[in-house]
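Each chain is listed here by its residues.
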Amino acid sequence: MKAKTEIKNANRFKEFFRFCIVGIIATAIHYGIYILLDRWMNVNIAYTIGYICSLCCNLWLTAHFTFKQNVTILRAGGFLASHAINYLLHILLLNLFLWLGCSDALAPVPVFCIVVPVNFILVRFVFKKIK
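Model, not experiment: these values are computed from the prediction. (Residues numbered from 1 in each chain as written. Predicted model: local features only at pLDDT ≥ 70, side-chain atom pairs only at ≥ 80, totals over all residues. Heavy atoms only, no water.)

(A) Broad picture of the side chain of Asn86. If you trace the backbone, Asn86 turns up in helix H3 (residues 73-99). Taking relative accessible area as the criterion, Asn86 reaches 3% and is therefore assigned buried. Setting aside its immediate chain neighbours within four residues, Asn86 contacts Tyr51, Val115 and Asn119. (Helix = DSSP H or I, 4+ residues; strand = E, 2+ residues; numbered from the N terminus. Buried < 20%, exposed > 50% of the residue type's maximum accessible area, 1.4 Å probe, protein only. Contact = heavy atoms within 4.5 Å.)

Structure, rendered in structure tokens:
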């Protein structure tokens, strides 16, 4: 019984590690696009475009690399629903940090630090509970 628990814990750690790699890639895409577009458009629009671009990559990597599962319509729907919640949290926090005086370039950093763990919980639920 103890061996099963240790294997389960090791698998969760590997899964979380892979999630972190995907998160870094998605965050880099999001932030990079945001920084490029922020010069020419409203901060919220630039942030949203970056979010959508990273979301496309994130779905495929999360399914195939993080959780080693196929993308089904139910999983994709759950993923998009969890990211709708995640997006709202992103935009609210971004505007809060901007209101608190963070620069456009730095405001996303604390946002990412807060929402990434929340996102892991939501996405893990989608890929582990929806068959």
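(B) Main features of unusual backbone geometry. At Lys68, a residue that is not glycine, the phi angle is positive and equals roughly 50°. The residue Lys68 is located in the loop between helix H2 (43-66) and H3 in this model.

(C) Structural view of the state of the cysteines. If you walk through the whole model with that rule in mind, you get zero disulfides. A disulfide-free cysteine, Cys20 has its sulfur positioned 12 Å from the sulfur of Cys113, the nearest such atom. Residue Cys20 is classed as partly exposed on the basis of its relative accessible area of 30%. (Disulfide = S-S within 2.5 Å.)

(D) Spotlight on the nonpolar core. If you look at the biggest cluster of nonpolar residues, it comprises 14 residues, and the most contacted ones within it are Tyr47, Leu94 and Val111. At the level of secondary structure, the elements contributing two or more residues to this core comprise helix H1 (2-38), H2, H3 and helix H4 (108-129). In terms of residues, this core owes the most to one element, H3, which gives five residues. When sequence neighbours within four positions are dropped, the list of residues in contact with Leu94 reads Val43, Asn44, Tyr47, Ala107, Pro108 and Val111. (Core = buried A, V, L, I, M, F, W, Y, C linked by side-chain atoms within 4.5 Å.)

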